[in-house]
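# Structure at a glance
One letter stands for each residue in the lines below.
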Amino acid sequence: MAGIQDKVARLLSRERGRPALKPTRPLVLKDEVSNRRMKRGEASCVTEMSLLMACWKQHEFNNALCSSEVSAFYRCVENAQTERRNQAKNLALGQGGRLLPKQANKLLKRHPNLTREI
């Protein structure tokens, strides 16, 4: 850590003429992150849905003739929903590897950057 501090101090110093860095703001991180939503995953059960629609088109939208495709689609949707719930639980518990912006802000408020030297 001290090595980086020394390099930044050398780049900001006027020992060799003009400083290499001219920061317009202080070189410290903020004590908060932006509140962005997590990216949504891809759509699930697309193949089952397309098979179901092809069957409906083939049998003139008769549900009775496409019952196996309907049940396969509903099974896929149930599996996807349970998987999504499990991922949401893991994210809420912090097991996903990333913090939510609200959690990160709370931690940054508890442990703010030092704005002056000790």
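So, here's what we can say about the structure. Since the model is a prediction, treat every value here as computed from it, not as a measurement.

### Re the overall build of the chain
The helix and strand inventory of the chain stands at four helices and zero strands. The order of α-helices and β-strands along the chain, N terminus first, is α-α-α-α. Residues counted as buried form 10% of the 118 residues belonging to the chain. Relative to all contacts within the chain whose residues are 6 or more apart in sequence, the contacts with residues 24 or more apart total 53%. A total accessible area of about 11200 Å² is found for the chain, and carbon and sulfur atoms account for 54% of it.

### Re the nonpolar core
If you look at the biggest cluster of nonpolar residues, it comprises eight residues: Cys45, Leu52, Cys55, Cys66, Val70, Phe73, Cys76 and Ala80. Every element with two or more residues in this core is listed here: α2 (46-58) and α3 (67-92). The element contributing the most residues to this core is α3, with four residues. In contact with Ala80, not counting residues within four places along its chain, are Ser44 and Cys45.

### Here's the deal with the state of the cysteines
Inspection of the entire model under this criterion finds two disulfides. The disulfide partner of Cys45 is Cys76, and the gap between their sulfur atoms is 2.1 Å. On the sign convention where negative means left-handed, the S-S torsion of about -95° between Cys45 and Cys76 marks this disulfide as left-handed. Taken as a pair, Cys45 in the loop between α1 (2-12) and α2 and Cys76 in helix α3 lie far apart in primary sequence, 31 residues in all.

About the thresholds
Residues numbered from 1 in each chain as written. Predicted model: local features only at pLDDT ≥ 70, side-chain atom pairs only at ≥ 80, totals over all residues. Heavy atoms only, no water. Helix = DSSP H or I, 4+ residues; strand = E, 2+ residues; numbered from the N terminus. Buried < 20%, exposed > 50% of the residue type's maximum accessible area, 1.4 Å probe, protein only. Contact = heavy atoms within 4.5 Å. Areas by Shrake-Rupley, 256 points an atom, 1.4 Å probe, with all protein chains shown as cover. Core = buried A, V, L, I, M, F, W, Y, C linked by side-chain atoms within 4.5 Å. Disulfide = S-S within 2.5 Å.

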